[in-house]
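Analysis of the macromolecular model
The lines below spell out each chain.
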Amino acid sequence: MINLMLIKLTENDKRIIFVLLAVLILLLVLIAYIGFLVTKVMKWQGKKINNYVTDVVVNGVITNEKDFKRYAKKKNLVVFYRQARLPALILAASIIFFVIVSSIFGFKNPFNYEDGFGTLFFIWDFSTIITKPESGVGVLLNWPTLINSPHIVKEAWISYVFVPVAIISATWYLITVQALIARYLQISKLAQKIFTEQIENFTYQGQQQSTPAPSDTPSETQE
Amino acid sequence: MAILKNVGKGILYIIALPFFLIVLALTAVMGLFLLIFMFFKSIILFFTGRSLDDDLPEDIQVKELRNGRNVPPTTEPVQDSQDELIVQPYVAPANNTTIEEAVFGHPTYESPTNEEPVVEEPPVEDSFVEEPEDDTPTTPDVPNQEEPLSSIDINDSPVQSDVTEIDIGQYVPHTGGSRFIDEEDEEEDDSGVTISYGDEDD
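Residues numbered from 1 in each chain as written. Chains lettered and ligands numbered in written order. Predicted model: local features only at pLDDT ≥ 70, side-chain atom pairs only at ≥ 80, totals over all residues. Heavy atoms only, no water.

On to the overall build of chain A. Of the regular secondary structure elements, chain A holds seven helices and four strands. When the elements of chain A are put in sequence order from the N terminus, they spell out α-α-α-α-β-β-β-β-α-α-α. Burial statistics for chain A: of 223 residues in total, 28% are counted as buried. Counting only contacts in chain A whose residues sit at least 6 apart along the sequence, the fraction spanning at least 24 positions is 67%. In the form shown here, chain A has an accessible surface area of approximately 15,600 Å², with 67% of it arising from carbon and sulfur atoms. (Helix = DSSP H or I, 4+ residues; strand = E, 2+ residues; numbered from the N terminus. Buried < 20%, exposed > 50% of the residue type's maximum accessible area, 1.4 Å probe, protein only. Contact = heavy atoms within 4.5 Å. Areas by Shrake-Rupley, 256 points an atom, 1.4 Å probe, with all protein chains shown as cover.)

Residue and element names in this part refer to chain A. Taken together, Lys 40, Lys 43, Lys 47, Lys 189 and Lys 193 make up a surface patch of like positive charges. Within the residue set of the positive patch, elements represented by two or more residues are α2 (11-46) and α5 (157-196). Counting through the fold element by element, Lys 189 comes out in helix α5. Residue Lys 189 is classed as exposed on the basis of its relative accessible area, which comes to 51%. (Patch = residues over 30% accessible without salt bridge, like charges linked within 9 Å, V, L, I, M, F, W, Y side chains within 5 Å. Salt bridge = Lys/Arg side-chain N within 4 Å of Asp/Glu carboxyl O. Lys, Arg positive; Asp, Glu negative; His and termini not counted. Charge placed at Lys NZ, Arg CZ, Asp CG, Glu CD.)

Moving on: the interface of chain B and chain A. Facing 34 residues of chain B, the contacting portion of chain A comprises 37 residues. Between chain B and chain A, roughly 3,000 Å² of surface is buried when both sides are summed, and carbon and sulfur atoms account for 75% of that area. The tally of links from chain B across to chain A stands at four salt bridges. Among the ionic pairs, Glu58(B) bridges to Arg70(A), the shortest N-O distance being 2.9 Å. Take the side of chain B that touches chain A: its biggest share by element is 21 residues, from helix α1 (residues 2-47) of chain B. (Buried area = accessible area lost by both parts, 1.4 Å probe.)

Turning our eyes to something else, we now look at the confidence of the model for chain B. Residue and element names in this part refer to chain B. When pLDDT is averaged along chain B, the result is 65; 34% of the residues meet or exceed 70. When the elements of chain B are averaged for pLDDT, strand β1 (residues 78-79) gives the smallest value, 43, and α1 the largest, 92. pLDDT under 50 marks residues 71-85. Its contacts with residues more than four places away, or in other chains, come to eleven contacts. Confidence drops under pLDDT 50 across residues 169-184; counting only partners more than four residues distant or on other chains, this segment forms 41 contacts. (pLDDT = per-residue confidence, 0-100.)

Here we take up the packing of aromatic side chains. All names here are of chain A. Scanning the model with the defined rule gives ten aromatic pairs over all chains in all. Relative to Phe 107, the ring of Phe 98 has its centre 5.9 Å away and its plane inclined at 75°; by these criteria the two rings are edge-to-face. When its relative accessible area of 64% is taken as the criterion, Phe 107 is described as exposed. With a centroid separation of 6.3 Å and an interplanar angle of 80°, the aromatic rings of Phe 105 and Trp 157 are classed as edge-to-face. One end of the pair, Phe 105, is in helix α4 (residues 65-105); the other, Trp 157, is in helix α5, and 52 residues separate them in sequence. When its relative accessible area of 54% is taken as the criterion, Phe 105 is described as exposed. Linked through ring pairs, Phe 97, Phe 105 and Trp 157 together constitute an aromatic cluster. (Phe/Tyr/Trp six-rings, centres within 6.5 Å; stacked < 30°, edge-to-face > 60°.)

Our next topic: the layout of surface pockets. Here the largest pocket defines a volume of roughly 550 Å³. Along the walls of the largest pocket sit 21 residues, with Gly35(A), Val38(A), Thr39(A), Met42(A) and Tyr13(B) positioned nearest its centre. Contributing elements (two or more residues each) for the lining of the largest pocket: α2 and α5 of chain A together with α1 of chain B. Of the residues forming the lining of the largest pocket, the biggest block, eight residues, is contributed by α2(A). Looking at the lining of the largest pocket residue by residue, the classes come out as twelve nonpolar, five polar and four charged. If you add up the space inside the second largest pocket, you get close to 430 Å³. Among the secondary structure elements, those contributing two or more residues to the lining of the second largest pocket are α4 of chain A together with α1 of chain B. It is α4(A) that provides the largest number of residues to the lining of the second largest pocket, a total of six residues. The residue inventory of the lining of the second largest pocket, partitioned by class, reads ten nonpolar, one polar and eight charged. (1 Å grid on protein atoms, 1.4 Å probe; cavity = no way out; pocket = protein on both sides within 12 Å on 5 of 7 lines; lining within 4 Å. Points joined across faces, edges and corners; volume = space filled by probe spheres on them. Nonpolar A, V, L, I, M, F, W, Y, C, P; charged D, E, K, R; others polar.)

In this fold, Ser159(A) is placed in helix α5. In this view, Ser159(A) contacts Pro110(A), Asp115(A), Gly116(A), Phe117(A) and Pro164(A); residues no more than four positions away in its chain are not counted.

This part is about the environment of Trp172(A). All names here are of chain A. Within the fold, Trp 172 resides in helix α5. Separated by 89 residues in sequence, Trp 172 and Gln 83 place their C-alpha atoms 9.4 Å apart. Residue contacts for Trp 172: discarding those within four places in its chain leaves Leu 86, Pro 87 and Ile 90.

Looking now at the packing of α2(A) against α5(A). Residue and element names in this part refer to chain A. Running from amino to carboxyl end, α2 crosses α5 at an angle of 70°, the nearest separation of the two axes being 8 Å. The orientation of α2 relative to α5 falls into the category roughly perpendicular. In contact with Val 38, Met 42, Gln 45 and Gly 46 of α2, α5 contributes Ile 175, Gln 178, Ala 179, Ile 181, Ala 182, Arg 183, Leu 185 and Gln 186. (Axes fitted to C-alpha atoms, helices over the stretch in contact; angles between N-to-C directions. Parallel < 35°, antiparallel > 145°, perpendicular 65-115°, else oblique.)

Here it is, written out as structure tokens:
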């Protein structure tokens, strides 16, 4: 520990640390923007529930928070069913296809790089880059070795069909699940805003505009 | 400063990401069960003549309310013959709100129906110069708010001005009709202010 504190940084070390710090900051900013994008998308997804609950609230059919949440959740589930049934169906169909074909031709890992979907990608072996002496910390010495270049294997056709379809449908399904969560959040936000915070948003001016009785206003009655 | 804010947000998102992924995964699994449940429910509803898209009781209430509001007597369908049905266009429900109220808010003035009817002056039919029948001055001496602008005596105005000549124009309305006053009809009052009524373009 004492030895670590006594380490003197050379000019080169300082430059490396500065570059690493800059890369870290850029990475965090990038993550922040991605998170901001996800938040924006979720807000946009959540606002779609407004179309389904506007009529019952505006026409005064629902007048309390509990009924509003119950009604909005029912609508939310129906919307989710409508949105998610197609990707779920495609995902289920691709899995059934893979199971049936694998039972005929034999099961194989669909992602491997010998006769699976991995044959279409560059694959490196990172286990060889660290040389670990008998005593001491491992040191980075080698570049990772390339163990696969993209090529097509005829026996991997099942994976070529199954993996892309499954990934696309799963992503599609996850987006609908994200929309479901976003709508749930929007429902709770709306319920709080419409029924709970009514008194906080109340202004006498607004009340005056909504009631066509100018003679009842205090300013005129006082006069 | 903004970049530091973004860095902080990035750290927060990194911390929140695992929780979000857990919620997403749990909801995805729950959603699968929900899909299966609703699939069988939709099948049962199909054989009972209903569907998941059927209106909820609240929706039915809204429709009833709307139908109750949207059927004023004027919107009844008009039938020219028994075979042909002409449907009137959609009329927005009357919410006891007039256009003026919608645009300017609820009125604080009296209804125009309570006021005296506005008598419009007849339009000018020709443009010949009409001589006054008597020698009475065309511009009244006493200023009145209800009278036209040409009758204002600037000497009574609280604002003192250096203007000594006022060009009022050709058209001078007065009670009982309109008339054009000749270029020669210039008047000079006691204070030395000259009032001219402009030129005629005939």
